[in-house]
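One-letter residues, chain by chain:
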Amino acid sequence: MFSSSNISEKQRISEMDCHREVIVDMFAGIGYFTMAYLMNAHAKHVYAIDWHEDALEALQKTLECNGITDRCTVIYGDARRVSPHGVADRVNLGLVPSSRPYWLTGCRCLKSTGGILHIHEAIKLKSAGSDEIKKDTYQLRRLRKSGSTLSRNESLGSVDEESELSEHNDVTEKCRVDQNDNVVSSKNGYQSVITNGEHTVTHTEEQTEMKTSDDSAQKRLKRKISRSASIIEEIENRILPNARIESGFKANMWASLDAAIRDFAFECATNCTRYLNNIHDEEGKLWTCTVTNVAKVKNYPAHMQHIVVDVECRPEDEKVALESDLNMQCF
């Protein structure tokens, strides 16, 4: 990926001090942001991920020419499947028009001590007067006005990661002739006997054993489901802190942002709070997510704007996090 209009974000990255940090660049392409992290921000290490083979080949050659292959791990594939978990101080989600399907993966990449997510999005500004935008942000505005804390079972839009299930059914069939010259076939525990042209089917001992085994397995499964349901209910009823806005950023820039951008930034922090507290279900600890900055990258036609929301994610003592939440107003 190369775009001269993204130069402001590249410049912003170049001014960061990342010399002790590990970065996951989930959509590295030819290394537009990856090289800025390595060469200018002096990142300790970068995991550069993309599923475009030619782009990664170009990135690999660039790394070799600059003699920094030891500080960058190039990974081919879908970032949702191949991203390293628990390694990053920063995660760059540089995908537009939306990186939303990758938020959960980005949260999983962060270290246990937390880190920063740089979330890219193309936002349709509310100033355009779109009824569709008003509909999309209604739930967030309602949550903001209520001032209530979030619980895990409140749905604000989740990310469903792909899963693959495969089933293999082994069918075995055996045929023999019994002492009365009848043809007997056994298939998956059922015995079929052909006597003088008449066809009868009976259960074999194998089938009886299978039924007994299935009954036992079902009972174990029911007990397991019952225990799992109790655990899930306990997790979902746990109170989580609200998304936060960093005080300095709130005082200086927050009010000047378009309402659609504010709603989106709040949504980023809200969803990441829920994701991280589900990933790290530690007793006495709660993860809080704070919007620290919103960078405007470029404008598109039809009142669209490319932005980057910086969300700082940190674990805190549960009591401290909830007490702080009561004293804070996100808006």
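Quick caveat: nothing in here was measured; it's all calculated off a predicted structure.

## Section: the overall build of the protein chain
For the protein chain, the helix and strand inventory stands at 11 helices and 14 strands. Of all 331 residues assigned to the protein chain, the portion counted as buried reaches 43%. Looking at the protein chain alone, contacts between residues at least 24 apart form 67% of all its contacts between residues at least 6 apart. Total accessible area on the protein chain is roughly 18,600 Å²; 49% of this is exposed by carbon and sulfur atoms.

## Concerning the side chain of Thr290
Looking at where Thr290 falls in the secondary structure, it is placed in strand β13 (residues 285–300). Classification of Thr290 by relative accessible area gives buried; the value is 16%. Apart from residues lying up to four places away in sequence, Thr290 is in contact with Arg244, Ile245, Glu246, Asp310, Val311 and Glu312.

## Observations regarding unusual backbone geometry
Backbone torsion omega between Val96 and Pro97 reads 15 degrees, so that peptide bond is classified as cis. Checked against the element boundaries, Pro97 lands in the loop between β4 (90–93) and α5 (103–109). Positive phi outside glycine occurs at His42, with the angle close to 55 degrees. Tracing the chain through its elements places His42 in the loop between α2 (34–40) and β2 (45–50). What makes His42 partly exposed here is its relative accessible area of 47%.

## Things to note about the pattern of salt bridges
Scanning the model with the defined rule gives 10 salt bridges in all. For Arg12, the salt bridge is made with Glu9, and the minimal N-O distance between the two is 3.0 Å. One end of the pair, Arg12, and the other, Glu9, are both in helix α1 (residues 7–14), 3 residues apart, so they sit about a helical turn from each other. Bridged by salt links that share partners, the residues Glu9, Arg12 and Asp310 form one connected network.

## Comments concerning the confidence of the model for the protein chain
Averaged over every residue, the pLDDT of the protein chain is 77; residues scoring 70 or more account for 62%. Confidence drops under a pLDDT of 50 for residues 130–140, and excluding neighbours within four residues, the segment shows 12 contacts in the predicted structure. Low pLDDT, under 50, characterises residues 142–174; the predicted model gives this stretch 69 contacts beyond four residues in sequence or across chains.

## Description of the environment of Thr34
Looking at the element boundaries, Thr34 is found in helix α2. Thr34 gets classed as buried once you look at its relative accessible area, which sits at 0%. Sequence-wise, Thr34 and Leu59 are 25 residues apart; in three dimensions their C-alpha atoms are separated by 8.9 Å. Contact partners of Thr34, with chain neighbours within four places excluded, come to Asp25, Ala28, Val46, Ala48, Leu59 and Cys72.

## Focus on the pairing of β2
The buried fraction of β2 is high, at 5 of 6 residues. Inspection of the sheet shows strand β1 (residues 22–25) paired to β2 by 4 bridges, in the parallel sense. Considered in β2, the bridge of Asp25 is made with Ala48. For the segment spanning β1, α2 and β2, crossover handedness is right-handed.

## Some words on the sheet that holds strand β12 (residues 244–245)
Each strand in a sheet pairs with its neighbour through backbone hydrogen bonds, running either in the same direction (parallel) or in the opposite one (antiparallel). Strand order in the open sheet made by the 8 strands is β3-β2-β1-β4-β5-β14-β13-β12, with mixed pairing throughout. With one partner strand each, in any of the chains shown, β3 (72–76) and β12 form the two edges of the open sheet. The pairing of β4 with strand β5 (residues 115–124) spans 4 bridges and is classified as parallel. Residue pairing in the sheet places Asn92 in a bridge with His118 of β5. Sheet strands touched by α1: β5, β13 and β14 (304–317). Its angle to β13, the strand with the most contacts, is close to 135 degrees.

Rules and cut-offs
Residues numbered from 1 in each chain as written. Predicted model: local features only at pLDDT ≥ 70, side-chain atom pairs only at ≥ 80, totals over all residues. Heavy atoms only, no water. Helix = DSSP H or I, 4+ residues; strand = E, 2+ residues; numbered from the N terminus. Buried < 20%, exposed > 50% of the residue type's maximum accessible area, 1.4 Å probe, protein only. Contact = heavy atoms within 4.5 Å. Areas by Shrake-Rupley, 256 points an atom, 1.4 Å probe, with all protein chains shown as cover. Salt bridge = Lys/Arg side-chain N within 4 Å of Asp/Glu carboxyl O. pLDDT = per-residue confidence, 0-100. Pairing = 2+ DSSP bridges. Right-handed = clockwise from strand over helix to strand, strands pointing away. Axes fitted to C-alpha atoms, helices over the stretch in contact; angles between N-to-C directions.

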